[in-house]
Amino acid sequence: MGELWTSQASTVIKEAYKGVVGVIPARRGSQRVKRKNVKLLGGKPLVAWTFEEAKRVKRLDRLIVSTDDEEVKRLAEEYGVEVPFFPRPQEICGDVDSGLVLQHAVKFLEGTGYEVKAVVLLQPTSPLRTSHDIENALFIFYDALSGDVGPAKRLQRGYQFS
């Protein structure tokens, strides 16, 4: 009975978060630290910390990396992270706003027929972020969409702040 319930609950969670994509932007170039995404930190490449934690998040339907770096691509595949396009377009390989990288990823995925409902930006330069942190952020995000958040309440016209 317990296994059946767990299986059904897992299916419900997967359905509820269908279309939620984690995007890890990991370009080759870096302005201050050369090749920082593949530099070792605690015995593994910096980007691997994000790969490992994000893979544990049950509320992500898909996890992808946007990169122009062969080594990051290889690591992503090794850790089971999707690399749906490679390399990413030259115009977003430099020091550009992360929003442009996310826009490209969404357009690419939607071009394949995949419906993106939400995007989670997962910077590789946050190695102390845990899967629990990501799950909580998603929980807060979806809670915000459903109504009340913190000291603000949705009214018929605007918001009331406490």
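Above this text you will find the structure in question.
Summarised in this report is the structure supplied together with it.

Procedures and definitions
Residues numbered from 1 in each chain as written. Predicted model: local features only at pLDDT ≥ 70, side-chain atom pairs only at ≥ 80, totals over all residues. Heavy atoms only, no water. Buried < 20%, exposed > 50% of the residue type's maximum accessible area, 1.4 Å probe, protein only. Helix = DSSP H or I, 4+ residues; strand = E, 2+ residues; numbered from the N terminus. Pairing = 2+ DSSP bridges. Axes fitted to C-alpha atoms, helices over the stretch in contact; angles between N-to-C directions. Parallel < 35°, antiparallel > 145°, perpendicular 65-115°, else oblique. Left-handed = near helix turned anticlockwise from the far one by under 90°. Contact = heavy atoms within 4.5 Å. Nonpolar A, V, L, I, M, F, W, Y, C, P; charged D, E, K, R; others polar. 1 Å grid on protein atoms, 1.4 Å probe; cavity = no way out; pocket = protein on both sides within 12 Å on 5 of 7 lines; lining within 4 Å. Points joined across faces, edges and corners; volume = space filled by probe spheres on them. Salt bridge = Lys/Arg side-chain N within 4 Å of Asp/Glu carboxyl O.

Some details on the pairing of strand β4 (residues 62-66)
Piece 1. Across the five residues of β4, five count as buried, placing the element largely inside the fold.
Piece 2. Here β4 shows no split at all, with Arg62, Ile64 and Ser66 on one side and Leu63 and Val65 on the other all buried.
Piece 3. As paired elements, strand β1 (residues 20-25) and β4 share five bridges and run parallel to each other. Along β4, the bridge assignment pairs glycine 22 with leucine 63.

Topic: the packing of helix α2 (residues 46-55) against helix α3 (residues 70-79)
Any two packed helices are characterised by how steeply their axes cross, that is the angle between the axes, and by the distance between the axes.
Piece 1. Where α2 contacts α3, the axes come no closer than 10 Å and their chain directions differ by 30 degrees. Here α2 lies roughly parallel to α3, going by the angle between them. For α2 against α3, the interelement crossing comes out right-handed. For the pair α2 and α3, contact is made by Val47, Ala48, Phe51, Glu52 and Lys55 and by Val72, Leu75, Ala76 and Tyr79, respectively.
Piece 2. Of the residues in the contact of α2 with α3, the class split is seven nonpolar, no polar and two charged.

Here we look at the layout of surface pockets
Piece 1. Quantified by volume, the largest pocket comes out at close to 380 Å³.
Piece 2. If you trace the largest pocket, you find 19 residues lining it, with Arg27, Gly29, Lys36, Asp95 and Gln123 closest to the centre.

Focus: the sheet that holds β4
Piece 1. Strand order in the open sheet formed by three strands is β4-β1-β5, with parallel pairing between adjacent strands. The sheet is open, and its two borders are formed by β4 and β5 (118-121), each paired with just one other strand. Strand-to-strand twist in this sheet, taken as the mean axis angle between neighbours without regard to direction, amounts to 25 degrees.
Piece 2. Two strands pair when backbone bridges link them, and β1 and β5 are joined in this way by four bridges, in the parallel orientation. By the bridge assignment, valine 23 is partnered in β5 with leucine 121.

Overview of the pattern of salt bridges
Piece 1. According to the stated counting rule, one finds 10 salt bridges in the structure shown.
Piece 2. The closest approach of N and O atoms between glutamate 52 and lysine 44, which form a salt bridge, is 2.4 Å.
Piece 3. Residue glutamate 52 is classed as partly exposed on the basis of its relative accessible area of 23%.
Piece 4. For the salt bridge of arginine 56 with glutamate 53, the shortest nitrogen-to-oxygen distance reads 2.5 Å.
Piece 5. With a relative accessible area of 47%, arginine 56 lands in the partly exposed category.
Piece 6. Take glutamate 53: its relative accessible area is 17%, and that puts it in the buried class.

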